[in-house]
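For reference, the chains in residue letters:
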Amino acid sequence: MVATEMSERIQGILDRISEAARRSGRDARDVTLLAVSKTKPLETVIEAARTGLVSHFGENHVQEGQAKVPGFPADLPACWHLIGHLQRNKARKAVQFFDVIESIDSEEIASVLERICAESGRKLEVLIEANSSGEASKTGTPWDDVPRLADHVRANCPHLVLQGLMTIGPLGGDEKAVRGAFAATRELRDRLRVAPGDLPRLSMGMSGDFEWAIEEGSTQVRVGTAIFGHR
Ligand SMILES: *Cc1c(COP(=O)(O)O)cnc(C)c1O
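A. Main features of the packing of aromatic side chains. Tallied over the entire structure, the rule returns three aromatic pairs. With a centroid separation of 5.5 Å and 35° between ring planes, the pair formed by Phe57 and Trp80 is classed as tilted. Taken together, the positions of Phe57 in strand β2 (residues 56-59) and Trp80 in strand β3 (residues 79-82) put the pair 23 residues apart, joining distant regions of the chain. Classification of Phe57 by relative accessible area gives buried; the value is 0%.

B. Summary view of the pattern of salt bridges. Counted by the stated rule, this structure contains 19 salt bridges. Notably, a salt bridge pairs Glu119 with Arg92, separated by 3.0 Å at the nearest N-O pair. Of this pair, Glu119 sits in helix α5 (residues 107-120) while Arg92 sits in helix α4 (residues 91-97); the two residues are 27 residues apart in sequence, bridging distant segments of the chain. Look at Glu119 and you get exposed, because its relative accessible area is 55%. Residue classification places Arg92 among the partly exposed positions, given a relative accessible area of 47%. Where Arg179 meets Glu216, a salt bridge forms, and the shortest distance between an N and an O atom there is 3.0 Å. Placement of the pair is Arg179 in helix α7 (residues 175-192) and Glu216 in the loop between α8 (210-215) and β8 (220-223), with a sequence separation of 37 residues. Within this structure, Arg23, Glu175, Arg179, Arg186, Glu187, Glu215 and Glu216 form a network of salt bridges that share partners.

C. The arrangement of the packing of α5 against helix α6 (residues 146-156) in detail. Where α5 meets α6, the closest approach of the two axes is 10 Å, and the angle between their N-to-C directions is 20°. Taken together, the axes of α5 and α6 lie roughly parallel to each other. Crossing geometry of α5 relative to α6 is assigned as right-handed. Contacts between α5 and α6 involve Glu107, Ala110, Ser111 and Glu114 on the former and, on the latter, Arg148, Leu149, His152, Val153 and Asn156. Among the residues making up the contact of α5 with α6, the classes are represented as three nonpolar, three polar and three charged.

Cut-off values and rules
- Residues numbered from 1 in each chain as written.
- Predicted model: local features only at pLDDT ≥ 70, side-chain atom pairs only at ≥ 80, totals over all residues.
- Heavy atoms only, no water.
- Phe/Tyr/Trp six-rings, centres within 6.5 Å; stacked < 30°, edge-to-face > 60°.
- Helix = DSSP H or I, 4+ residues; strand = E, 2+ residues; numbered from the N terminus.
- Buried < 20%, exposed > 50% of the residue type's maximum accessible area, 1.4 Å probe, protein only.
- Salt bridge = Lys/Arg side-chain N within 4 Å of Asp/Glu carboxyl O.
- Axes fitted to C-alpha atoms, helices over the stretch in contact; angles between N-to-C directions.
- Parallel < 35°, antiparallel > 145°, perpendicular 65-115°, else oblique.
- Left-handed = near helix turned anticlockwise from the far one by under 90°.
- Contact = heavy atoms within 4.5 Å.
- Nonpolar A, V, L, I, M, F, W, Y, C, P; charged D, E, K, R; others polar.

So this is what it looks like as structure tokens:
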């Protein structure tokens, strides 16, 4: 394979993921790189996929998934994750175009997705987005409501496969605050487990903080800017 600028940038991120995993005594294979392709054209996403280094892609908006996913070459492996807030009137399209929905933030949206998936007998992987930074952030499930939402999904949504938690670290980059939010999210996940190995996924870490996230237990980092450049 020819080393393109794209493959070098992605390899650079993978190397930093490996280093962070090693520092924390973890296996780099336990950490997935999700390339956040929002606002970037489909050709750029295809170029990233063709490096063979990344096969998970994240979008914030259902419409962008709708615009990109159908045009993606069928011979390239790709798993599409919705990482932005989902409105109920977009739920049907979200189920159509995405493989994983990481931004479950209410019983209402979980129930809407359940109803849509039940129609076709489809199973959908989901993560609950937890608001780990309090007032400073408006996205995600309020922290204290996460256990009740997890119970709701488990009890009432048999077509939703609850895989774990997603969170966005507090913006601003204060290391102690960011690490604290990631560690708290990991501990919350641990408390929500009903069996060993349950809720295997912790989606934490973006371009500016993914190494801290891995050291605090992340199993999936969502990296946009560091791969695709500024938006
Ligand atoms: C945009 C976005 C990312 C990627 O952020 P970068 O700083 O560009 O790496 C990750 N997660 C979510 C939820 C986002 O909205």
